[in-house]
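Take a look at the letters that make up each chain.
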Amino acid sequence: MTRYHGVEVIEMTKNLLPVALLVTAAAACGPPASPPPGPSDAAALPSGGTVVIGLLSDVQGWNPYLADDLDTAQLLALVYPTLAIEQPDYHRHPPSFAPALARAWTWSDDHLVLELELDPRARWSDGVPITARDVVFTWEVQTSDDIDWLHSDAKGSITAVEAVDDHTVRASFSRVYPYQLMDLNDGPIVPAHLWSSIPFADWRDTDWLPRSVAGGPFRIAGHTPQQQITLERNPGYWDAPLPALDRVVFRIAPSEQSLVNQLLAGDIDVLPSLPPADLERVRAHPGIELVIYDDRSYTHLCWNTTDPRLADPAVRRALTAAIDRQTLVDVVYGGFGRLGVGPILSSFWAFDEGLEPAPHDPAAARAGLAAAGWSDSDGDGVLDRAGEAFTIELLAAAENELRQDIALLVQADLARVGVAVEPRFVEWGTLVAAVDAGDFDGVVNRWEEPTQIDLEGLWRTPAPDEPTFNFGRYSNAEVDRLLDEVAGLADFAAQRPLYHRIQRLIVADQPYTFLVENTRLTALASRIRGAEINSATPYFNLERWTVGREPAR
Amino acid sequence: MRRLVARRLLLLAPMVWLVATLTFAVVVAAPGSYADAVDHPGLDAAQREALRARYGLDQPLHRQYLSWLGAVLRGDLGVSFVTKEPVTRLLGRALPPTLLLGGAALLLDFLLGVAVAVAAARRPHGWFDRVSTVVGLGVAGLPSFWVAGLAVLVFALLLGWFPASHMLSAGADRMSGGARLADLLHHLVLPAACLGLAGAAGTARYLRAALLDIRSERFILAARARGLSERRVLWVHTLRPALLPAITLLGLSLPVLVSGSVVIETVFSWPGVGLALLRAAQARDLPVIMAITMLGAVAVLVGSLIADLGYAAADPRAREDLR
Amino acid sequence: MSAPRRLRVGAGSLGLLVVACLAGPWVLPVAPAADPARAALLPPGAVVTEVTTIDGRAYVSPEVEVEGETVTVAGPRRDEVLARTDVASMRRVRLWLGSDRFGRDVLGQLLAGGRISVAVAALAALVALVVGTGVGLAAASAGGAVDAAIMRLVDALLAFPTLFLLILLAALFRPGPAVLVAVLGLSSWMGLSRLVRGQVLALRGRDFVLAARAAGATEGRIWRRHYLPNIAGPLAQDAALRLGDLVLAESTLSFLGIGLPPDLPTWGGMVAEGHRVMVDGWWLATLPGLAIALLVISLALLGDGIQERLATGAA
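Values in this document were obtained by computation on a predicted structure and should not be read as measured data. (Residues numbered from 1 in each chain as written. Chains lettered and ligands numbered in written order. Predicted model: local features only at pLDDT ≥ 70, side-chain atom pairs only at ≥ 80, totals over all residues. Heavy atoms only, no water.)

## Considerations on the overall build of chain A
- What chain A contains, in helices and strands, is 15 helices and 23 strands.
- For 553 residues, the compact-globule estimate of 2.2 N^0.38 gives 24 Å, and the C-alpha radius of gyration of chain A, at 25 Å, lies within 12% of that figure.
- Seen through its C-alpha atoms, chain A measures out along the principal axes to roughly 85 × 60 × 45 Å.
- In chain A, buried positions account for 58% of the 553 residues.
- Long-range contacts, defined as pairs at least 24 residues apart, comprise 71% of the intrachain contacts of chain A with a sequence gap of at least 6. (Helix = DSSP H or I, 4+ residues; strand = E, 2+ residues; numbered from the N terminus. Rg over C-alpha atoms; globule rule 2.2 N^0.38 Å. Buried < 20%, exposed > 50% of the residue type's maximum accessible area, 1.4 Å probe, protein only. Contact = heavy atoms within 4.5 Å.)

## Let's talk about the sheet that holds strand β5 (residues 80–83) of chain C
Residue and element names in this part refer to chain C.
- Read from one edge to the other, the open sheet built from three strands follows the order β3-β4-β5, with strand pairing classed as antiparallel. With one partner strand each, in any of the chains shown, β3 (64–67) and β5 form the two edges of the open sheet. Sheet twist, expressed as the average angle between the axes of neighbouring strands with direction ignored, equals 20°.
- The pairing of β3 with strand β4 (residues 70–73) spans four bridges and is antiparallel. Its bridge partner lying in β4, Val 64 is registered against Val 73. (Pairing = 2+ DSSP bridges. Axes fitted to C-alpha atoms, helices over the stretch in contact; angles between N-to-C directions.)

## Describing the packing of helix α5 (residues 87–122) of chain B against helix α12 (residues 286–314) of chain B
Residues and elements named next belong to chain B.
- Between α5 and α12, the least distance of the axes is 10 Å, while the angle of their chain directions is 50°. Compared by their axis directions, α5 and α12 come out oblique. Every pair of crossing elements has a handedness; the one defined by α5 and α12 is right-handed. Across from Val 87, Leu 90, Leu 91 and Leu 95 in α5, the residues of α12 making contact are Pro 287, Val 288, Ala 291, Ile 292 and Leu 295. (Parallel < 35°, antiparallel > 145°, perpendicular 65-115°, else oblique. Left-handed = near helix turned anticlockwise from the far one by under 90°.)

## Topic: the nonpolar core
- One finds Trp 68 of chain B together with Ile 167 and Trp 267 of chain C to be the most contacted residues of the largest nonpolar core, which totals 140 residues.
- Once residues lying within four places of it in the same chain are set aside, the contact partners of Ile 167 of chain C are Val 262, Leu 277 and Ala 281 of chain B together with Leu 253, Leu 256 and Ile 258 of chain C. (Core = buried A, V, L, I, M, F, W, Y, C linked by side-chain atoms within 4.5 Å.)

## Let's talk about unusual backbone geometry
- Even without being a glycine, His 166 of chain B presents a positive backbone phi close to 70°.
- Along the chain, His 166 of chain B turns up in the loop between α7 (144–158) and α8 (177–215).
- With a phi angle near 55°, Leu 41 of chain C is a residue other than glycine that sits in the positive phi range.

## Considering the domain arrangement of chain B
All names here are of chain B.
- When its domains are assigned, chain B resolves into domain 1 (2–73) and domain 2 (93–322).
- Facing the 17 residues of domain 1 at the interface are 15 residues of domain 2.
- Overall, the association of domain 1 and domain 2 removes approximately 1500 Å² of surface from exposure, summing both partners, and the carbon and sulfur fraction of that is 84%.
- At the boundary of domain 1 with domain 2, the tally comes to zero salt bridges. (Domains from an automatic or database assignment. Buried area = accessible area lost by both parts, 1.4 Å probe. Salt bridge = Lys/Arg side-chain N within 4 Å of Asp/Glu carboxyl O.)

## Examining the interface of chain C and chain B
- Between chain C and chain B, the residue contacts involve 39 residues of the former and 41 residues of the latter.
- Taken together, the two surfaces of chain C and chain B that pack against each other cover about 3400 Å², and 82% of this comes from carbon and sulfur.
- Where chain C meets chain B, there are one salt bridge.
- Of the charged contacts, one joins Asp 304 of chain C and Arg 205 of chain B as a salt bridge, the two residues approaching to 3.2 Å between their closest N and O atoms.
- Viewed at the interface, chain B and chain C are joined by three residue pairs in polar contact (both at pLDDT 80 or more).
- Elements with a minimum of two residues in the side of chain C that touches chain B: α3 (144–159), α4 (162–172), α8 (219–256), α9 (267–275) and α10 (282–314) of chain C.
- When residues in the side of chain C that touches chain B are grouped by element, the largest group, 10 residues, is from α10 of chain C.
- A class-by-class count of the residues in the side of chain C that touches chain B yields 28 nonpolar, seven polar and four charged. (Polar contact = N/O pair within 3.5 Å; in protein donor to acceptor, adjacent residues only side chain to side chain. Nonpolar A, V, L, I, M, F, W, Y, C, P; charged D, E, K, R; others polar.)

## With respect to the packing of helix α2 (residues 106–142) of chain C against α3 of chain C
All names here are of chain C.
- One can describe the packing of α2 onto α3 by two numbers: an axis separation of 7 Å at closest approach and a directional angle of 145°. Taken together, the residues of α3 that come into contact with α2 (itself represented by Val 135, Ala 139, Ala 140 and Ala 142) are Gly 144, Val 146, Asp 147, Ile 150, Met 151 and Val 154.
- Grouping the amino acids of the contact of α2 with α3 by side-chain chemistry returns eight nonpolar, one polar and one charged.

## Structural notes on helix α5 (residues 177–186) of chain C
- Those residues of α5 of chain C not exposed but buried are Leu 180, Val 181, Val 183, Leu 184 and Gly 185 of chain C.
- The inward-facing, buried residues of α5 of chain C contact α2, α4 and α8 of chain C.

Okay, here's the thing in structure tokens:
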């Protein structure tokens, strides 16, 4: 289960992969970086230049297995290598992979054992070869209870990772399923020769910056906490292409407003996620291009299905019908974003094309609520039933302005059908505690989806008293049965019809009001050439970026 | 004078102790707060206990207090909940930018304040006096975050004269010494102006009143009678005695400056103590909040001490009062 | 400005602000429904038409056209076409101060924000007044070591820069309105207690107090008859200045995002919100900023006026 929610866009290494490629206007007219020279060809180093990228928060340290935020993962993915590179084809079938550190691999006949051949050229920036030892060490890190890596679940079906020789690794699996290589590949390879001497129990108290070494295209060149992170080209990078840029600077600012100001003032070249409220300001600026793409996340209202007022699917359908989601997309997201349909994003292969977004229909909403026994018997404008007013508390993270905007709009829409909404904006930790305990009516939330289809964590009936992402305690025996059936199938094509049936059941039950499938706006200075921005990471092909001229300041 | 200094320094120590104790009382002893911040919803009971033991929360309160106070005395302000780095290291990094910004603002506060006050006192109730009084009132009343936001909009975004934020350009580490200094000063102008402006209004107002008071005193009339030029009377004979209380005023403006730095540093992403405090508050990073709050209080205590002593050094008459 | 004039101007503009905030909702026409899709970010003075349908929906737009049997409500992205028979009512309203990102009437928001900001500051001042007076009186009447201890404590608390103390408290106790009032009040009573103590100590040795005591007046009577009336003036001046500080403090906390939750309009919160759309909606940050300034300046004038009246009265 790799699914994240959070104040920032939280999404992790499983998804460090290209999706829904959208090339900028700049990339279309500018030539891509010329074929790069080999790493030893120092005389022909590429053109150079610096790109400045805006960030809202500093890295959570320099160890990819101790951080749990997207920014840190994306940044360290530039420094540490992965075995293979996921290809941007997740929407047609489970993603395929291209060689990276592993230059080839073969499956056993029963598809339970995978042998990978590592690239013999691979070197850390200190000259030490990257070998099977690093891969095995990384697996130990990923599955260590002391380290408790956020994504260790992905390794649940892997029984062993062993070194056959310096350049051959063998991985064994307990079952056959469509995402075996994806799960093995999850997480970057880290240096055994520098890190294995520290007991795992001490990792959280270790300063990792002095122990950093690069196996990817960039290396860490400097860090001023809360201000700036500087990466520079790793001259010892073993794979092609060597980056054209000689420096990448990450500038940290405390607010989105400050980042947008710096973007407009030319102090920042790239803003990975532009707040839609600032769209017009940025669009009007001649030196900045916008890249707009689906970011594989959806924002929704999660209803507490154990609440007596919200337990009836008909009531939840009425609430969904009462919300003018198109206006919400227009106002909150500047018109960018698709109306949500169901639990599988409409860009995925498993999506049921026969489903449509639920229409905005306040009259139907009123009828549905009336049929469920709600009426305004005391004439105060708020529905009531058996003396109880229909008043819902709607939680949203205090740190997230978009979600607060959504809560305010939902409040206005539901007021028109007689449902009183009390928005409550609470600090993230408080919100998580409340939804974990099931102590809420409704919550504005957003899920960042992995590139695989995984409905287990959100939609299976949760075990009592165990932590779950199924915050609303949704339970449908038929959904549970179909999920069991899906898990037994090794072939994704056979899974598809089952996924269609699950989606229809969930859409009919509306445990969520699926508001919007999000679109992300990335702002780029137009002097940057060759950038491919996609939903996995804005830095997907950073090593191929070039710049027209140095920043003005 | 030496005895005065020693006495005041001795008095400072219990005040600092009191400040530290109050901070501890508010943060740690307040029911639930510190323990809640350590707790994380995802933890199981054993992990929670381990964490509480690590932060000493399983100890009785008085023991927590004593070990905390001991650590503070040794210069150990704890470890940030968020970044896991020692708070002292964080402060060591954040303090120089704040001192720079505060120093520049104080300088502006003083120079602008004196200039405006002198110009206004030259012709009391003349046009400059009236205009500057009204403008000063307005400046003091406008919220600093509003002024700072407007300054960014106008001078950074519309005119492009100054950078919108940060202390150095992204490429500053590659600049030569001189260019780097120029870059720093370029970044300093807007935040220092925003921070110093409100203080300057107060200084000018106070100094103007003091100047007018002194003007009517006998020794000024005597100087005038001796036929000294009006300019000399104003700059030498009136300003000098009026500046004495202004020294105290600068001591008093320190808390305002320290508070103001939070807003200004936030608007301008200035890497100082105020910004660190706000970030810590957003993340409920209590060790950092406690340390910075204490630091702020100690700075105010030391500031007022320096102002008092400076005043005493400049004016023998004041020494008796300060005993 | 002369002292009486300052007093008049300060009291006048303060009264005007408060009356406007309180009476606004009764005097002004009912603001149109907030229609974020069609009436967002309209400049001051814009005239909009509000269309209400028989099933209770409301559309607001500067451009509404009635043509034959249809009513077209224009929007920047798409027009809404309604059947005339579905329309229950239509009215034209002028948005004197424009609308915000959600199409809400800024004037209404400003008045509502003023009510909250002023109420929070006033209640906090009350808390400070009660605590400060109590502590000051206690210290003065206890005297000796207790007095010294209390006053050292007050000194230590005064050393904390106000905003630091507020941020510390706001981080510990996430503010709702009641918590915010308590936090603001508890961070600003110290000056008052010093003032009260000083006044009482000064008055204690004065002839009329000694005379009253000699005449057998009870301690309570001396408090009521002699101390309180004499303290009232300085307290009023202090309260006016303190109220201004509290308004600024509240708005600063809201601006920094650690004040009241954002669904409650406050002036500081409106400025923060307005900064996000400074270019498209200059009025959104400007107007509440000016409102804060006006309030703070009136209070400063009022305080000055009171002070000068006291000074001349005493002389």
